[in-house]
Amino acid sequence: EDQVTQSPEALRLQEGESSSLNCSYTVSGLRGLFWYRQDPGKGPEFLFTLYSAGEEKEKERLKATLTKKESFLHITAPKPEDSATYLCAVQADDYKLSFGAGTTVTVRA
Amino acid sequence: IAGITQAPTSQILAAGRRMTLRCTQDMRHNAMYWYRQDLGLGLRLIHYSNTAGTTGKGEVPDGYSVSRANTDDFPLTLASAVPSQTSVYFCASSDGLAGVVDEQFFGPGTRLTVL
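Residues numbered from 1 in each chain as written. Chains lettered and ligands numbered in written order. Predicted model: local features only at pLDDT ≥ 70, side-chain atom pairs only at ≥ 80, totals over all residues. Heavy atoms only, no water.

A. Region of interest: the side chain of B:Ser94. With respect to the helices and strands, B:Ser94 occurs in strand β9 (residues 87–94). B:Ser94 has contacts with B:His29, B:Asn30, B:Ala31, B:Tyr33, B:Asp102, B:Glu103 and B:Gln104, leaving out every residue within four places of it along the chain. (Helix = DSSP H or I, 4+ residues; strand = E, 2+ residues; numbered from the N terminus. Contact = heavy atoms within 4.5 Å.)

Here it is as structure tokens:
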């Protein structure tokens, strides 16, 4: 059974304080790993897709990396508008997505 | 504006009642999905459809049914609601092309409370 575990559950940062979120996974035949951002009361918003170990993707203050066992979402010099829940999901051979429970990030000004 | 719409936004329902959550997408995506999101459990797949006319069961299908009569609409029905079905429900869609890894796009959600 595919498993996705995200840590920490919650992260409180000061504005400008860089940090990383972790997504560890066990899946047979990884097709892709996805990162989403979810704001309170809204649906998840797509951020990145990573396909193979060693791959990196960047968008503004966010950078996602992938190894064979885990992915990291690095937040560099975060701003209050980066406050959200970040979700990780893996897609295996059956093409269905398995989601982690998410990391809720709060950035204080 | 292209995307996914869901209705209603929220609903309070008495146990035992029948309820249909509506989902419509205008991106001409082949695949559509229904998830429920519960605190601490993340998003769990209820049912999916790879193309109009076909549906499949996800991780937590019991108590729910779906239909896919056309490309755009994918309603989710609770035949007889129970309190454990209190959750936030998200509809999603993707290109769903065979052999292609593609991202899913999500609707704004329906918050359902069953009393």
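B. Representation of the state of the cysteines. Per the counting criterion, the structure on display carries two disulfides over all chains. Here A:Cys23 is linked by a disulfide to A:Cys88, with a sulfur-sulfur distance of 1.9 Å. On the sign convention where negative means left-handed, the S-S torsion of about -60 degrees between A:Cys23 and A:Cys88 marks this disulfide as left-handed. Of this pair, A:Cys23 sits in strand β3 (residues 19–26) while A:Cys88 sits in strand β9 (residues 84–91), and the two are 65 residues apart along the sequence. For the pair shown, A:Cys23 and A:Cys88 are each scored as buried. The residue that forms a disulfide with B:Cys23 is B:Cys91, at a sulfur-sulfur distance of 1.9 Å. Here the disulfide of B:Cys23 and B:Cys91 is left-handed, its torsion about the S-S bond being about -70 degrees. With B:Cys23 in strand β3 (residues 19–25) and B:Cys91 in strand β9, the pair connects residues that are 68 residues apart, well separated along the chain. Take B:Cys91: its relative accessible area is 0%, and that puts it in the buried class. (Disulfide = S-S within 2.5 Å. Buried < 20%, exposed > 50% of the residue type's maximum accessible area, 1.4 Å probe, protein only.)

C. Fine view of the environment of A:Tyr86. All names here are of chain A. Counting through the fold element by element, Tyr86 comes out in strand β9. Tyr86 sits 77 residues away from Glu9 along the chain, and the two C-alpha atoms are 9.9 Å apart. With sequence-adjacent residues up to four places away left out, Tyr86 is seen in contact with Gln6, Leu21, Trp35, Tyr36, Arg37, Leu47, Leu62, Leu73, Ile75, Gly102, Thr103 and Val105.

D. Representation of the packing of aromatic side chains. Counted by the stated rule, this structure contains nine aromatic pairs over all chains. With a centroid separation of 5.6 Å and 85 degrees between ring planes, the pair formed by A:Phe99 and B:Tyr35 is classed as edge-to-face. Taken together, the residues span two chains, with A:Phe99 in strand β10 (residues 97–99) and B:Tyr35 in strand β4 (residues 31–38). By the burial criterion, A:Phe99 is buried, and B:Tyr35 matches it. Seen from their ring centres, B:Tyr35 and B:Phe106 are 5.6 Å apart, and the 40 degrees between their planes marks the pair as tilted. A residue pair is termed long-range when its members are at least 10 positions apart, and B:Tyr35 in strand β4 and B:Phe106 in strand β10 (residues 105–106) qualify at 71 residues. (Phe/Tyr/Trp six-rings, centres within 6.5 Å; stacked < 30°, edge-to-face > 60°.)

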